Amino acid sequence: MKRAGCLLLAALPVGLTAVAYLFAPAQSESDTLSKPAASATPGARQQAKESAEDPDDAAIADLPPGLAAPAKKELAQRFVATAINSTAEWRSTYGAIKDIDDGKGYTAGIIGFCTGTHDLLTLVERYTEAHPGNGLARYLPALRAVDGTDSHEGLDPGFTAAWEAEAEVKAFREAQESERDRVYFDPAVRLAKLDGLDTLGQFVYYDAMVFHGPDTAANGFYDLRERALAEADTPAEGGSEKEYLDAFLDVHRKAIGAKRPDSDTSRVDTALRQFLYNGNLSLDTPLEWRMYGTPYTA
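Every chain's residues receive numbers from 1 upward, in the order its sequence appears when written. Whole-chain, interface and lining totals are the exception, using all residues; otherwise, since this is a predicted model, local features are given only for residues with pLDDT of at least 70 and side-chain atom pairs are given and counted only at 80 or more. For side-chain calculations, the full set of non-hydrogen atoms in the structure is used, while hydrogens and water are omitted.

A short note on the side chain of T115
Under the scheme used here, helices are H or I runs from DSSP no shorter than 4 residues and strands are E runs no shorter than 2 residues, and both carry numbers assigned from the N terminus. Along the chain, T115 turns up in the loop between β3 (113-114) and α6 (119-130). Only protein chains enter the accessibility calculation, which uses a 1.4 Å probe. A residue is then buried if its area is under 20% of the maximum for its type, exposed if over 50%, and partly exposed in between. By relative accessible area, T115 is classed as buried at 1%. Reaching out from T115, the side chain makes a polar contact with the backbone nitrogen of Y106 at a distance of 2.9 Å. Discounting chain neighbours no more than four positions away, the residues touching T115 are K104, G105, Y106, L120, L143, V146, D147, G148, L155 and F159. Pairing of N or O atoms within 3.5 Å defines a polar contact, subject to two protein rules: one partner must be a possible hydrogen donor and the other a possible acceptor, and residues neighboring in sequence count only if both atoms are side-chain atoms. Contacts between residues were defined by any pair of non-hydrogen atoms, one from each residue, lying within 4.5 Å.

Listed below in structure tokens is the structure:
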């Protein structure tokens, strides 16, 4: 469903300042601070630590958790599961795997990792580094070969069964959640906060990040954001939150149709935009939405 891990950071468009830090590796305190001299005072050490902090991290450190609050994050996972796997019970989808004929190979797991869009390959590579000899490791050569295509060569007939079996392993379920957060959830929420968006706006960014991928190419998430910025200012820029989100949802919807003209856009039409028009910027529950004609509540 998306293209993860393939950003060409050297070719970022002007104004796309968020991408570089979203994907920069986290630094520990030992990485960023040299060992203080024995005579250094606690105050001096604290001052050195504060000077080494990312200013953007400092800017959002005291903000409410927003979508990252456990109950809101759970809601976000339930919503995305209705779009990807037609169920709100997202924990039942670790083992889901099918080819939905969208040109991206197999779509699998809790976030719709795809064999054709690099994120499934990255998931299995990282999982295998931590757990060598797992049931998917033998498919890594084939996954690398089909990356960027819709081919099943080297994957059939055993890959789907191997995925379903590995999904019974707690470590693999945890790996799916970790990769979801690392690639999609955390960057989306962080950037939305920097743009001054409340919980609904963070939710909108996350949904778009999942569907379109963390990509700077045409109709990737960062391209959508640039197009929305051309239409309206973010709250951080002094703009209206409702007007900006309405503009973002417009480009989100158009990009869905650009992928496939017959695509269902209910995730925008009968869900996200309805929340916005109801003025529910805090994403308060109860929520009601329709996905592909099916009603859901949370």
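Things to note about the sheet that holds strand β2 (residues 106-108)
The 3 strands are arranged β1-β2-β3 in an open sheet whose pairing can be described as antiparallel. Two strands in the sheet have a free side with no partner beyond their single neighbour: β1 (97-99) and β3. Two strands are said to pair when DSSP picks up at least two bridges between them. Direction of pairing for β1 relative to β2: antiparallel, over a ladder of 3 bridges. Its bridge partner being in β2, I97 is matched across the sheet by A108. Strands β1 and β2 of the sheet are contacted by helix α8 (residues 159-166), whose axis makes an angle of about 150° with β1. In this description, a line fitted to the C-alpha atoms serves as the axis of each element, helices being fitted only across the stretch in contact, and the angle between N-to-C directions of two axes falls anywhere from 0 to 180 degrees.

Re the pattern of salt bridges
When a carboxyl oxygen of Asp or Glu lies within 4 Å of a side-chain nitrogen of Lys or Arg, that pair is called a salt bridge. The full count for this structure, using the stated rule, is 19 salt bridges. Among the ionic pairs, D269 bridges to R253, the shortest N-O distance being 2.7 Å. Of this pair, D269 sits in helix α13 (residues 266-277) while R253 sits in helix α12 (residues 241-259); the two residues are 16 residues apart in sequence, bridging distant segments of the chain. Residue classification places D269 among the partly exposed residues on the basis of a relative accessible area of 25%. Residue R253 is classed as partly exposed on the basis of its relative accessible area of 38%.

Points about the pairing of strand β5 (residues 294-297)
When strand β4 (residues 288-291) meets β5, the two strands line up antiparallel, connected through 4 bridges. Its bridge partner being in β5, R290 is matched across the sheet by P295. Counting the residues that bridge the hairpin from β4 to β5 gives 2 residues, and of these Y292 lies at a positive phi of roughly 55°.

Some points on the packing of helix α10 (residues 199-212) against helix α11 (residues 221-229)
Packed helices, taken two at a time, are described by the angle their axes make and the gap between the axes. It is at 9 Å that the axes of α10 and α11 come closest, and there the two elements cross at 130°. When the axis of α10 is compared with that of α11, the two are oblique. Together, Y205, A208, M209 and H212 of α10 and F221, Y222, L224 and R225 of α11 make up the contact between the two elements. Under the scheme applied here, ten amino acids are nonpolar (Ala, Val, Leu, Ile, Met, Phe, Trp, Tyr, Cys and Pro), four are charged (Asp, Glu, Lys and Arg), and all others, including Gly, are polar. Its residues assigned to classes, the contact of α10 with α11 shows 6 nonpolar, 1 polar and 1 charged. Each angle gets one of four labels, with under 35 degrees taken as roughly parallel, over 145 as roughly antiparallel, 65 to 115 as roughly perpendicular, and the rest as oblique.

Examining unusual backbone geometry
Generally, phi is negative for residues other than glycine and the peptide bonds are trans, each holding for most cases. Of note, the bond from D156 into P157 is cis; its omega dihedral lies within 30 degrees of zero at 5°. As for its position among the elements, P157 is in the loop between α7 (140-146) and α8. A cis geometry characterises the amide bond from T285 onward to P286, with omega recorded as 5°. Locating P286 in the fold gives a position in the loop between α13 and β4. At L283, a position not held by glycine, the phi torsion is positive, near 55°.

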